[in-house]
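# Structural features, examined
As a plain string of letters, each chain reads:
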Amino acid sequence: MRRTLLAVLLAVTAAVAAPVNGTAQPSNSDREPGNGPERNEVAALDTISAQAIQAKGENRSDRYQGYPRRTTLRTYPENPADKTIKLNLAPYHSLAPKLNALQQKSNRISVEVAGQSGLGRDLYLVTLTAPESPVQTRLQEQFRANIEEGRKVPAGLYKAPIWINNNIHGDEWEGTDGALRVIEHLATSNDRDVQNLLRRSRIYFNLTANPDGRVAGTRQNNAGFDLNRDFATSSQPENRVMRDIVEHTQPLMMLDEHGYSENTLIEPTTPPHGQNYDFDLYIKHGYANGLAMEKGVQGLGHPETAHPEIPFRDYDPGVWDGWAPIYTAQYSMYHGAISYTIEIPQQVNRQAYDTLPVAELQRRALINTDVVESTIKTTIGYVDDHRGELISNQVEMFRRGKAGEPQREIPDGFVPGFGPEDRYRTEFPRAYVITNDRSAPAASRLVDHLVAHDVRVERAEKAFTLGGKRYPAGSYVVDMHQPKRALANVMLEQGSDISAKVPVMYDISGWSHRLLWGASVDIFKNGSFDFRGKDVVAAAPTGNVDAAPGADLALTLNDAKDAQAVNDLLGRGITLRRQDDGTIVVPAAERLAASEVADRYGVRFTTAKAGGTALQRKTIAAAVGPDELQVLRESGFDVRTISTAVLNAGFDWSRIDVLFVSSGLNYPQLNATAKAGLDAFLQRGGVITRGATGGKFNVDAHLLQATPVAGWEDANGVVNVVNGAGPVGTGALPQSFVYSPQWFTNLGAGVTVDQRYGSTVISSGHWRPRDNGTGGQPDAAGQAAVVSGTSAGGSKVVLFGTEPMFRNHTKGLYAQVARAIYWTGTR
């Protein structure tokens, strides 16, 4: 009788470590929601890599070349500073030699370099499968494409794809090491059941998603980004690699291996569940394999793994939600995967890493590696045992999308515990129409972003009418009768205010590329739909100089691309003019330079009106978070990073035009010399602040008369705003974004309100009052969200109570920041 695959896989699990009393671990209430209130504490600073990074490796192999795909991986010098060494885990420099050796031993393993990290380290995509000829690989690709079109395929011939993602948080190491155990076993085992498995499956491993963080022992990547918050935006190179892996492999199941949560955590999540999911096609197998993983982890025999927790079953709503598409698991569901975040149990990072004995750390790391190995093997076994059902399940998800069918009503008890609190649904529109009415670069960027995420977009080759509105040729249409309609909708819809539905949320609860990215996007809800366009591979060029020769040229700041164009021109030594409404004027004599930047950045120049103040290049001293630093630099500004410690050590203010304060700068903590230098700057330079740290700095430095008031610290989402006529409010979007919102009261004479919160504050997100009734939406309604003015000392100042540069989610708000910089930095 054939042994079950699960039994075969679990039979090779490493020996159980002898039970040893460990120290108490953090509870699940000690979660790390990312860039919430704590983002105001530590400023991003420029650093120099301690390790030289070699040149880029080989390009990724052709998708159809067959298997195995042997790549001779470049090797890296041994790095004794690699944080994994203390834990007796695999240092990054050991991975390439290990994989090179396995490729020489086995024809079941293929290794490809899927891309590079921010510091240039290779990202390894390891595939385990039985050998395939190019013809067989093409057949598998055709099966995959047919599934995406909602067509049935012969389950007996299709190799079931499984994706295991590891080490996305750099200091949650053991996913890589557990994956290595499974990789080696599948590549080298002589067991016939394992060999037969690989004739039926392809198992993909992203061996370490964050090698820079792995080496340094940091949660974030080298740029300071939490990669498990970036999937809807894909601002980081590591995230773009993961996006491409899940899109091209289209896994039936995937795991994202994390740490650390006492007792082990295994999704599925608590409500709210993302309202765009066909949740009935997820929860049946999601819960069943969750229970199977729980049993496998318990079977390890470690006291520390005796009581795994499944949030769907064990937690209160919102404690571990499945709402936002920013996480690996929640994003992967939109590509057809039954997906999980796995939190291994024994903490070995941060304070534990620094304080526990090495022997105890290594004991814990070994237990964690066992848990990773067990969850991977259980999942592989589950997929193999249910492959026909899972393939049909994925086909059905894509079929519903392409057919435009409504989501199903899921009855109570569909799986044990499913009830009204789990029911989240939406109504998909018939189409979205994207035009460049407001910002050509924004429309182009949004279209390219959607296409990169495998959303289908068409471009009109001639004018058309939809919903009674006439659209010009060149407009873009997202037909929502498409396989990945849920992914299209989660990026383009408004979202929901879920404040009344759950008491807490794990992280952000509102986002909308339609509302926050600056493009003009119309919703066509339903009705006759007669549109034929050309499929878009890349958005059409948008740059243009639309003014008569000899006329000065005007550029309206509606997008970061506009700011890039301005800073490019300023960097060439061209003196521009800034007009009172924020418009930037380029002299007629610089038309050629304007044409060059129009082509480069996709911006559009029109004929300028007379007037304006001379504008020259601005240098910024920035006490800001990593996300804000990236935006400022990508917008073309010259940025010098600072903090309280940097100023106390001595800082040259002579070439600084604007001070930006949002994180890591505390005025009372400056020494006398640093305070004198800053005070001198405040007599001539501009100031921009954001958030709690910025509001406090404004008060401590006696800049504007404006009292900052803090909303509920966990409040976040897309907010409605009413724009004023100040330097930041003019021409701004009618929506903004908040996390730990602020507003300003007791405004002094001469302080202008650039934006107020709307009477209905939240467009989508989660914003409740505190337990004492303060800090809620009613308190914020109508209050000043962004103000500007001139201090008694002469500094022009802008105070943001909103989040205009949050995690690269708010691209349409970056122009507000550029407007503030040019205004505050111009005397």
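Let me sum up the structure you'll find in this document. (Residues numbered from 1 in each chain as written. Predicted model: local features only at pLDDT ≥ 70, side-chain atom pairs only at ≥ 80, totals over all residues. Heavy atoms only, no water.)

### Focus on the packing of helix H2 (residues 92-105) against helix H4 (residues 174-188)
The contact between H2 and H4 brings their axes to 10 Å, and the two run at 15 degrees. The pairing of H2 with H4 is recorded here as roughly parallel in orientation. The handedness of the crossing between H2 and H4 comes out as left-handed. Along the contact surface, H2 presents Leu95, Lys98, Leu102 and Lys105, while H4 presents Thr176, Leu180, Ile183, Glu184 and Thr188. Counted by class, the contact of H2 with H4 contains four nonpolar, two polar and three charged residues. (Axes fitted to C-alpha atoms, helices over the stretch in contact; angles between N-to-C directions. Helix = DSSP H or I, 4+ residues; strand = E, 2+ residues; numbered from the N terminus. Parallel < 35°, antiparallel > 145°, perpendicular 65-115°, else oblique. Left-handed = near helix turned anticlockwise from the far one by under 90°. Contact = heavy atoms within 4.5 Å. Nonpolar A, V, L, I, M, F, W, Y, C, P; charged D, E, K, R; others polar.)

### Quick notes on the packing of aromatic side chains
In the structure shown here, the tally under the stated rule is 24 aromatic pairs. Aromatic pair Phe524 and Phe529: ring centres 6.2 Å apart, planes at 25 degrees, arrangement stacked. Residue classification places Phe524 among the buried positions, given a relative accessible area of 8%. When the ring centre of Tyr353 is taken as reference, the NZ or CZ atom of Lys86 above it lies at 4.4 Å. Between the NZ or CZ atom of Lys811 and the centre of the ring of Trp517, over which it lies, the distance is 5.3 Å. (Phe/Tyr/Trp six-rings, centres within 6.5 Å; stacked < 30°, edge-to-face > 60°. Buried < 20%, exposed > 50% of the residue type's maximum accessible area, 1.4 Å probe, protein only. Lys NZ or Arg CZ within 6 Å of the ring centre and 35° of its normal.)

### Some points on the sheet that holds strand S14 (residues 476-479)
Hydrogen bonds between backbone atoms are what pair the strands of a sheet, whose relative direction is either parallel or antiparallel. Judged by pairing direction, the sheet is antiparallel, and its five strands sit side by side in the order S15-S10-S14-S11-S16 without closing on themselves. Only two strands of the sheet have a single partner each, and these edge strands are strand S15 (520-524) and strand S16 (534-535). Where strand S11 (residues 458-459) meets S14, two bridges bridge the pair, whose relative direction is antiparallel. Paired with Glu458 across the bridge in S14 is Val477. Along the sheet face, helix H14 (residues 440-452) touches strand S10 (431-435), S14 and S15 and points at about 140 degrees away from the line of S10. (Pairing = 2+ DSSP bridges.)

That's the geometry; what it means functionally is another story.
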